[in-house]
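# Secondary and tertiary structure notes
Each chain, written out:
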Amino acid sequence: MYLARAASSSSSRSLLLSFRSSSFRSPPVSSHLLRRSFVTSLPRLTHSKPFPLRIDSQIRAVSPVLDRLQKTFSSMASEHPYKGIFTTLPKPGGGEFGKFYSLPALNDPRIDKLPYSIRILLESAIRNCDNFQVTKEDVEKIIDWENTAPKLVEIPFKPARVLLQDFTGVPAVVDLACMRDAMNKLGSDSNKINPLVPVDLVIDHSVQVDVARSENAVQANMELEFQRNKERFAFLKWGSTAFQNMLVVPPGSGIVHQVNLEYLGRVVFNTKGLLYPDSVVGTDSHTTMIDGLGVAGWGVGGIEAEATMLGQPMSMVLPGVVGFSLSGKLRNGVTATDLVLTVTQILRKHGVVGKFVEFYGDGMSELSLADRATIANMSPEYGATMGFFPVDHVTLQYLKLTGRSDETVAMIEAYLRANNMFVDYSEPQQERVYSSYLELNLDSVEPCISGPKRPHDRVPLKEMKADWHSCLDSKVGFKGFAIPKEAQEKVVKFSFNGQPAELKHGSVVIAAITSCTNTSNPSVMLGAALVAKKACDLGLQVKPWTKTSLAPGSGVVTKYLLKSGLQKYLNQQGFNIVGYGCTTCIGNSGEIDESVGAAITENDIVAAAVLSGNRNFEGRVHPLTRANYLASPPLVVAYALAGTVNIDFETEPIGKDKNGKDVFLRDIWPTTEEIAQVVQSSVLPDMFRATYESITKGNPMWNQLSVPENTLYSWDPKSTYVHEPPYFKDMTMDPPGPSSVKDAYCLLNLGDSITTDHISPAGSIHKDSPAAKYLLERGVDRKDFNSYGSRRGNDEVMARGTFANIRLVNKLLNGEVGPKTVHIPTGEKLSVFDAAMRYKAAGEATIILAGAEYGSGSSRDWAAKGPMLQGVKAVISKSFERIHRSNLVGMGIIPLCFKSGEDADTLGLTGKERYTIHLPTDISEIRPGQDVTVTTDTGKSFTCTVRFDTEVELAYFNHGGILPYVIRNLSKQ
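Residues numbered from 1 in each chain as written. Predicted model: local features only at pLDDT ≥ 70, side-chain atom pairs only at ≥ 80, totals over all residues. Heavy atoms only, no water.

Attention now goes to the nonpolar core. Membership of the largest hydrophobic core comes to 241 residues, with the highest contact counts inside it found for Leu121, Trp298, Leu635, Tyr639, Phe649 and Tyr854. When residues in this core are grouped by element, the largest group, 11 residues, is from helix α9 (residues 166-185). If near-sequence neighbours (up to four positions away) are discounted, Tyr639 is found in contact with Ile449, Leu461, Met464, Val508, Val610, Thr644, Val645, Ile647 and Phe649. By size, the runner-up hydrophobic cluster in this structure holds 46 residues, among which are Met364, Trp545, Val596 and Leu630. (Core = buried A, V, L, I, M, F, W, Y, C linked by side-chain atoms within 4.5 Å. Buried < 20%, exposed > 50% of the residue type's maximum accessible area, 1.4 Å probe, protein only. Helix = DSSP H or I, 4+ residues; strand = E, 2+ residues; numbered from the N terminus. Contact = heavy atoms within 4.5 Å.)

Before going further, it helps to spend a moment on the environment of Ala904. With respect to the helices, strands and loops of the structure, Ala904 is situated in the loop between β31 (894-898) and β32 (914-918). The exposure class of Ala904 is buried, given its relative accessible area of 5%. Residues Ala904 and Gly751, spaced 153 residues apart in sequence, show a C-alpha to C-alpha distance of 9.2 Å. Ignoring sequence-local partners within four residues, the contact set of Ala904 consists of Asn749, Leu849, Phe898 and Leu909.

With that settled, consider the sheet that holds strand β6 (residues 246-249). Note: strands within a sheet are paired through backbone hydrogen bonds, in either parallel or antiparallel orientation. Spatially, the five strands line up as an open sheet ordered β6-β5-β4-β9-β10, and their pairing is parallel. Bordering the open sheet on either side are β6 and β10 (296-299), each of which pairs with just one other strand. The mean angle between the axes of side-by-side strands here comes to 20°, regardless of whether they run parallel or antiparallel. Two elements, strand β4 (residues 161-165) and strand β9 (residues 279-282), share three bridges in a ladder whose sense is parallel. Across the sheet, residue Leu163 finds its bridge partner in β9, namely Gly282. Against the sheet, helix α12 (residues 302-309) touches β4, β5 (199-202) and β9, its axis set at about 140° to β4. (Pairing = 2+ DSSP bridges. Axes fitted to C-alpha atoms, helices over the stretch in contact; angles between N-to-C directions.)

Our next topic: helix α26 (residues 672-682). Within the span of α26, buried status applies to Ile675, Val678 and Ser682. One face of α26 carries all of its buried residues, which in axial projection span an arc of 65°. Turned more than 90 degrees away from the buried face of α26, the exposed residues are Gln677 and Gln680. Elements that come into contact with the buried residues of α26 comprise α20 (522-538), α21 (555-564) and α27 (685-695). (Arc of directions from axis to C-beta.)

A word on empty space enclosed by the protein. Per the stated rule, a full pass over the model turns up 10 cavities of 30 Å³ or more. The space that makes up the largest cavity amounts to roughly 170 Å³. What lines the largest cavity is a set of 20 residues, among which His205, Asp284, Ile586, Arg620 and Ser858 lie closest to the centre. Looking at the lining of the largest cavity, its residues break down into five nonpolar, 10 polar and five charged. (1 Å grid on protein atoms, 1.4 Å probe; cavity = no way out; pocket = protein on both sides within 12 Å on 5 of 7 lines; lining within 4 Å. Points joined across faces, edges and corners; volume = space filled by probe spheres on them. Nonpolar A, V, L, I, M, F, W, Y, C, P; charged D, E, K, R; others polar.)

All right, on to the packing of aromatic side chains then. Evaluation of the coordinates by the stated rule reveals 27 aromatic pairs. With 5.6 Å between their ring centres and 80° between their planes, Trp238 and Phe243 make a pair best called edge-to-face. Judged by relative accessible area, which is 1%, Trp238 ranks as buried. Exposure remark for Phe243: the relative accessible area of 1% places this residue in the buried category. Ring geometry for Tyr745 against Tyr839: centres 5.2 Å apart, planes inclined by 25°, an arrangement best described as stacked. Residue Tyr745 is found in strand β26 (residues 741-749), and its partner Tyr839 is found in helix α32 (residues 832-841); the two are separated by 94 residues along the sequence. Overall, the relative accessible area of 1% leaves Tyr839 in the buried class. Over the face of the ring belonging to Phe478 we find Arg454, whose NZ or CZ atom lies 4.0 Å from the ring centre. Just above the ring of Phe664 sits the side chain of Arg666; from NZ or CZ to the centre is 4.4 Å. (Phe/Tyr/Trp six-rings, centres within 6.5 Å; stacked < 30°, edge-to-face > 60°. Lys NZ or Arg CZ within 6 Å of the ring centre and 35° of its normal.)

Let us now look at the pairing of strand β18 (residues 492-496). Of the two faces of β18, only the one carrying Val492, Phe494 and Phe496 is buried; Lys493 and Ser495 on the other face are not. Across five bridges, β18 lies against strand β19 (residues 499-503) in antiparallel orientation. Its bridge partner being in β19, Phe496 is matched across the sheet by Gln499. As consecutive antiparallel partners, β18 and β19 are separated by two residues, and within that stretch Asn497 has a phi angle of approximately 50°, a positive value.

Let's shift gears to the pattern of salt bridges. Throughout the structure, instances matching the rule amount to 50 salt bridges. Linked through salt bridges whose partners overlap, the residues forming this network are Asp108, Arg110, Glu140 and Asp144. (Salt bridge = Lys/Arg side-chain N within 4 Å of Asp/Glu carboxyl O.)

Our focus in this paragraph is unusual backbone geometry. Here the bond from Gly451 into Pro452 is cis, since omega is 10°, no more than 30 degrees from zero. Here Pro452 is to be found in the loop between β16 (448-450) and β17 (458-460). One non-glycine residue with positive phi stands out, namely Val267, at about 70°.

Here we take up the sheet that holds strand β33 (residues 931-936). The sheet built from seven strands closes into a barrel, its strands ordered β26-β29-β30-β31-β34-β33-β32 with mixed pairing. For this sheet, the mean angle separating the axes of adjacent strands, direction not counted, is 40°. Bridge count for β26 against strand β29 (residues 846-849) is four bridges, and the pairing is parallel. Across the sheet, residue Tyr745 finds its bridge partner in β29, namely Thr846.

This part covers the packing of helix α11 (residues 256-264) against α27. Where α11 contacts α27, the axes come no closer than 11 Å and their chain directions differ by 110°. Taken together, α11 and α27 sit at an angle that is classed as roughly perpendicular. Here the hand of the crossing between α11 and α27 comes out left-handed. Of α27, the residues touching α11 (which contributes Gln258, Val259, Glu262 and Tyr263) are Phe688, Tyr692 and Ile695. (Parallel < 35°, antiparallel > 145°, perpendicular 65-115°, else oblique. Left-handed = near helix turned anticlockwise from the far one by under 90°.)

Looking now at the environment of Arg454. With respect to the helices and strands, Arg454 occurs in the loop between β16 and β17. In the structure, Arg454 is positioned 393 residues away from Ile847 in sequence and 27 Å away in space, judged by C-alpha atoms. When neighbours within four sequence positions are excluded, Arg454 is seen to be in contact with Phe478, Asn616 and Ser753.

For the rest of this paragraph, the subject is the pairing of β4. Counting buried residues in β4 gives five out of five residues, a clear majority hidden from the surface. Side chains of β4 alternate between two faces, with Arg161, Leu163 and Gln165 and Val162 and Leu164 buried alike. Across four bridges, β4 lies against β5 in parallel orientation. When the sheet's bridge partners are listed, Leu163 is paired in β5 with Asp200. For the segment spanning β4, α9 and β5, crossover handedness is right-handed. (Right-handed = clockwise from strand over helix to strand, strands pointing away.)

Following this line, the structure appears as structure tokens:
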């Protein structure tokens, strides 16, 4: 069957739901983390024990109307509704692993047909069922998933833990610190602001590729990282001591998702004898990588994650699940990257936004865990909430490889088998029901790359040259640069460090082995090293003006590259290790040489970057690379050697060997068997154990950071990194209610696929931007600007950085590209920030018009916080990316969707009108997904759908956002 998106409706609101969404309660058993022994030895690298909250205080926190139900609810809560299925999991040799809630004990045949991903939601609902936050009715909705999912019913979900990285983690900790201050001002206990579930924060987004092609690049880049970010890092270190249950993994340890996969992922929790599946939400959209390990995880906005930390259940629409059957085996020489780019294109075409994708079939046995994690990682690129791989024997083998103990793995297998959550492909398979079905024969996958501007624009390698010429010819767009025919063969000659050099359209100026997507996969990493070795043996060499870099996802990669003896060949080609973090994939590619940059800008060259990442939106990788291609690590090396993307690898040589003979890609490409042999001999369990024992000890620069011990943060008004935000200024205990939008001006009129990089860039701060002006006025030298991502703890910088992407296309500017807009009342062309501030000063509200997929890309709460601080009241678009829509609601901004077939252009909207949104001012009169009328001062009228998707989101909107909602409820307890 196929599930179509429809607006949810409700004839009446449930009193119990209102109660549940307004109350807080610690889990039935403390979520204190029982970490492996080598972690628990260090106090600052463990989670502290959470405090309990009393049930009677929750009841008082909601409404006097419910006081009369206190006695009834208290007796209901004293006895778990599903105590009858709470049973013991015995050990094979005697004793027990622990106790658990048994799904088979429900004796309900509907459960046997449920997708494995939905069973995890079901177990969580049963375990947390207290008829307060989670009711028996919620459990029944999940059991009856086949019938309820098409109706888009709402359920609560309580993840087992929360995952942060530092770009999103700093603002999260800033918000928590600010919430403590707000609680204090309201006369409540500030210590109520504490995580109730384990929170892991990995610092990985700050390292930049300042130094490359050098043996000491790692140390040099880390020193610069600490110089720039000392204040941020000290703040995070303070947070790890001031807040309970928070673990901070220091800089230089690896990429958050690889650390999660290799170390933090539990698969099954054993918390004081209570067994339950691991699940996680993270403030990075690629949190989904953990789905490859059979752990249910996905990205959420930072503000949503903060509420989850504080015990608030996530309100979500029970998702449809697309069953994706894999068969066959990848052909020789085809990589996991080729597979994931193919899968991404298939799923984008099918349409999986808001859904889970669950993989199954005979082909699963041919996919390593690392291959699965690569596919799961790119869930945001194909639009799904999750790309889930249930636990099977391959998962267990990986857990052993990565250093998990035999006893832990035995417990995981025993629990999952007992609870019908383990897939054993040696046994007959129970047929499961899915919302829709897809299939792929792995044998049909061919080598490919993706670009030049979007991850899902896959290009088969054999068609790349033709596609490149088509992009040069085509008008400016996702697949076009509009380069005149007569200029396409232009050759720019320049001097590079005294040597003659040249650039053409398509010349590769950045080649980066980077990103969580691929650097956790030994096959493609060692495959890249083998390509480098074969190239060295034949005498091929990467051009010196190509900026090459290698940023492994963890220290394990370095260990196996060294053991294999192949790292030296990567070094010879310029792929020296530059650091352990996201680097180029997040936009931290560092500067390219001035002579190269001048040759590009002065001659309007369409230069290329090739990276093994997951995002290639224009302006993200580097301001000067207009063409950005995603490729497997071996292909990154190959394109670096070729020096251009304008090549047909089948028919054109990469270069010439020592004897002047043509060398083709096939001459340096390793076989699948060659790679497998090196993986087998070089990737060992001890490497994982040694790596993660050492990261718990920190590093000298981290350990030398001194931080205060007080639980309230001492804000420094002069700080340009950490600043007290204004979210709770003048806050009272009374919710403000829905705010009307009357005669609002249009701040921006945008097209399709506006990403969070357009809205809130993470990369470099342009010298002429409002943020640069702010920093210069406070004595910050240009060389110390750092990136927007690193300054997310300062709302003043981030508000100025909102819509500051140099590639922003605003229709109000009639074709001009850049971070500017027109101030409608005066007709002046201003920076977006300056225009927004002028509107705010005049007391005028603003809205944004947009096309399809507004807010796609990285999970980025500043893409909602920034517009809110600029005074934006609503965004009207054709469609929203899932996380970004949620973030807008969380910050009190109204998300509206045009009706199908309509948009600003078809309705004749120019953006110069004034807009009134006819939304009721009484929250009880607003329903999830209802229609509202929007009128303009020019006499136009059209209908939009309000994208408040759940009752809980309406409650957030009534309070002015999710964080004020949480504070008001906690302060009453």
